[in-house]
Amino acid sequence: MNTPHGYFLTLEGIEGSGKTSHARRIEAFLVQEGCQVLLTQEPGGTRAGEQIRRILLNPAHGELDPFTEVFLFQAARREHVKQVIQPALHAGKIVICVRFTDSTIAYQGYGRGVENEFLVHLNRVASGGLNPDCTIFLDVDPEEGLRRSMAKTSADEQRFEQEFQIKSDLLKRIREGFLHLAREEDNRFVVISSMRPREIVFEEIKETLRRKILSTRKGKLGWKA
Ligand SMILES: Nc1ncnc2c1ncn2[C@@H]1O[C@H](COP(=O)(O)OP(=O)(O)OP(=O)(O)O)[C@@H](O)[C@H]1O
Ligand SMILES: [Mg+2]
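Just so you know, the residues in each chain are numbered from 1, in the order the chain's sequence is written. A letter from A marks each chain and a number from 1 marks each ligand, given out in the order of writing. Selection of residues for local features in this predicted model requires a pLDDT of at least 70, selection of side-chain atom pairs for listing and counting requires 80 or more, and totals for whole chains, interfaces and linings are taken over all residues.

K.L.:
Lay out the overall build of the protein with the relevant residues and their values.
P.N.:
Regarding its fold elements, the protein presents 9 helices and 5 strands. The atom set for the radius of gyration is the C-alpha atoms, and the globule formula is 2.2 Å times the number of residues raised to the power 0.38. On C-alpha atoms alone, the protein measures out to a radius of gyration of 17 Å, which is about the 17 Å that the 2.2 N^0.38 rule sets for 225 residues. Projected onto its principal axes, the C-alpha coordinates of the protein cover approximately 50 × 35 × 30 Å. Burial analysis of the protein (225 residues in total) assigns 40% to the buried set. Excluding contacts between residues fewer than 6 apart, the proportion of contacts in the protein whose partners are at least 24 apart in sequence is 82%. Per the convention used, a helix needs a DSSP run of H or I reaching at least four residues, while a strand needs a run of E reaching at least two, with both numbered from the N terminus. Working definition of burial: number of other C-beta atoms within 10 Å of the residue's own, with buried at 20 or more, exposed at 12 or fewer, and partly exposed in between, all C-beta atoms being placed from the backbone. Contact between residues is assigned whenever the C-beta positions, reconstructed from backbone atoms, fall within 7 Å.

Dropping the structure here:
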C-alpha cells in the first residue's frame, strides 16, 4: 500500500546519528515552506505505544529475548500506524517518522539474527503494508554515535546503549544492515553522513527535501492554501 495523499518520510540510523534533532529541524523547515506536517517517533506515538516504549528502553528490564523485542515493537507500530500515521496521511499531511520498519530489519534481523522473511512479514502486518516514500539514513560511526547518545539519553532509557557498550560488534552489524537495505532500495533511501557538523548535514537534508518533496508538491495536498 502506498501513501494515499500525504507523504511518508522516515528517518533511520543507529543511536546518536542525529535522527531526533534533525527531525525537529525538518519539521520547522517544511512548516516554513507552507506544508502541513506531523512529526512522530517509534516506538511510541500513541498512549499504548509510549508505554511499550518505556518497557523497551528501560535498562531495568535487562536483556529481552529477540522475539519479545520484535513483538513489542510491532504492537506499538500497529497502533501507531492505525491511530496516527494513516489518518495524517489521509488528511494529506507530510508525516515525518523517526524509525520505522527498516529499524526492525536492521536491529532484530542483522543485529540479533531473527530471520529476515519473518520480520518482513510481521512488518507488513503491523504497518498494514504502508511503505515510506523516502527514508533518510543518517550514517554515523558506531563508537561516535554511542558517545553522542550516552551524553544525552537519560539513565532510565539506556537499555540499548548499555548493551551496545558491552557488545561493540552488535552496533556495527546493525549499521551494516542499514547500509545493505539502502543499497537494495536506492530509490527510496538517501544516505547522508552524520560525521560532519550538523549544519552541513542539515544542508544536505534540505537539498533532499527540495528534490524529493517540495519540487513536486506545489498545489497539492500537504500544502496550506
Ligand atoms: N553532526 C553532529 N555532530 C555532532 N553532534 C551531533 C551531530 N548530530 C547530532 N549530534 C548530537 O548527538 C546527540 C544525538 O543526536 P540525536 O538525539 O538527534 O540522535 P538520535 O539518532 O535521535 O539518537 P537516539 O537513537 O539515541 O535517540 C545530540 O546531542 C545531538 O545534538
Ligand atoms: Mg532519538
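K.L.:
Can you explain the environment of Val98? Please cite residues and give values.
P.N.:
Following the sequence through the fold, Val98 ends up in strand β3 (residues 94-98). According to the C-beta neighbour criterion, Val98 is buried, with 20 such atoms within 10 Å. With residues near it in sequence (within four places) discarded, Val98 still touches Leu11, Lys19, Thr20, Ala23, Gln41 and Glu42.

K.L.:
So what's going on with the site of ligand 1? Which residues, and what values?
P.N.:
Residues are counted as near a molecule or strand when the C-beta atom, derived from backbone positions, lies within 6 Å of that molecule or strand. In the vicinity of ligand 1 lie 17 residues, with Gly18, Lys19, Thr20, Ser21 and Arg148 positioned nearest. Counting only elements with at least two residues in the shell around ligand 1, the list comes to α1 (19-32), α6 (142-152) and α9 (198-217). When the residues that make up the shell around ligand 1 are grouped by side-chain class, the tally is 2 nonpolar, 9 polar and 6 charged. Each residue gets one label: Ala, Val, Leu, Ile, Met, Phe, Trp, Tyr, Cys and Pro are nonpolar, Asp, Glu, Lys and Arg are charged, and the others, such as Gly, are polar.

K.L.:
Describe the sheet that holds strand β4 (residues 134-139), naming the residues involved and giving the relevant values.
P.N.:
Here we have 5 strands laid out as an open sheet, ordered β2-β3-β1-β4-β5, and parallel in their pairing. The outermost strands of the open sheet, each flanked by one partner alone, are β2 (37-41) and β5 (189-193). Across this sheet, the average inter-strand angle for adjacent strands is 20°, counted without regard to direction. Here, strands pair whenever DSSP counts at least two bridges between them. Strand direction decides the pairing type here: β4 and β5, joined by 5 bridges, are parallel. Looking across to β5, one finds that Leu138 is bridged to Ile192. Across the sheet, α1 touches β1 (7-12), β2, β3 and β4, and the angle it forms with β3 is around 170°. Running over the sheet, helix α8 (residues 168-184) touches β1, β4 and β5 and is turned about 135° from β5. Interaxial angle, 0 to 180 degrees, is taken between N-to-C directions of lines fitted to C-alpha atoms, where a helix line uses only the stretch in contact.

K.L.:
Explain the nonpolar core to me, using residue names and the numbers behind them.
P.N.:
One nonpolar core equals one set of buried Ala, Val, Leu, Ile, Met, Phe, Trp, Tyr and Cys residues connected by C-beta atoms within 7 Å. Ranked by internal contacts, the top residues of the largest apolar core, which has 49 residues, are Ile85, Ile94, Val95, Ile96, Ala106 and Ile174. By residue number, the principal contributor to this core is helix α3 (residues 66-90), which donates 7 residues.

K.L.:
Could you give an account of the pairing of β3, naming the residues involved and the relevant values?
P.N.:
Within β3, 5 of the 5 residues are buried, which leaves it mostly tucked inside the rest of the structure. Here β3 shows no split at all, with Ile94, Ile96 and Val98 on one side and Val95 and Cys97 on the other all buried. Bridge count for β1 against β3 is 5 bridges, and the pairing is parallel. Each residue of the ladder has a partner; that of Tyr7, found in β3, is Ile94.

K.L.:
Any details on helix α5 (residues 116-127)? Residues and values, ideally.
P.N.:
Taking 1.5 Å of rise per residue, 12 residues should cover 16 Å, and α5 covers 16 Å from first to last C-alpha, within 8% of that figure. For α5, every residue scored as buried is listed here: Leu119, Leu122, Asn123, Ala126 and Ser127. Down the axis, α5 shows its buried residues gathered within 120° of arc, on one side only. For α5, exposure combined with an orientation more than 90 degrees from the buried face picks out Glu117, His121 and Val125. In this structure, the buried side of α5 is in contact with α3 and α4 (101-111). Looking at the residues trailing α5, positive phi occurs at Gly128, about 65°. Each helix should span, by expectation, one fewer than its residue count multiplied by 1.5 Å. As used here, the arc belongs to the directions running from the helix axis to the C-beta atoms.

K.L.:
Would you mind going over unusual backbone geometry in detail, with residue names and values included?
P.N.:
With an omega of -15°, the peptide bond between Glu42 and Pro43 qualifies as cis. With respect to the helices, strands and loops of the structure, Pro43 is situated in the loop between β2 and α2 (47-57).

K.L.:
Explain the packing of α4 against α8 to me, and be specific about the residues and the numbers.
P.N.:
The geometry of a pair of packed helices is captured by two quantities: the angle between their axes and the separation between those axes. Interhelical geometry of α4 versus α8 gives an angle of 135° and a closest axis separation of 8 Å. Accordingly, the angle class assigned to the pair α4 and α8 is oblique. Our pair here, α4 against α8, has a crossing hand that is right-handed. Of the residues in α8, those touching α4 at Asp102, Ile105, Ala106, Tyr107, Gly109, Tyr110 and Gly111 are Leu170, Arg173, Ile174, Glu176, Gly177, Phe178 and Leu181. A class-by-class count of the residues in the contact of α4 with α8 yields 8 nonpolar, 3 polar and 3 charged. Reported orientations rely on four angle classes, namely roughly parallel under 35 degrees, roughly antiparallel over 145, roughly perpendicular from 65 to 115, and oblique for the rest. Crossing handedness is read from the near helix: turned anticlockwise from the far helix by less than a right angle, it gives a left-handed crossing, and turned clockwise, a right-handed one.

Any functional reading would require information beyond the geometric quantities listed.
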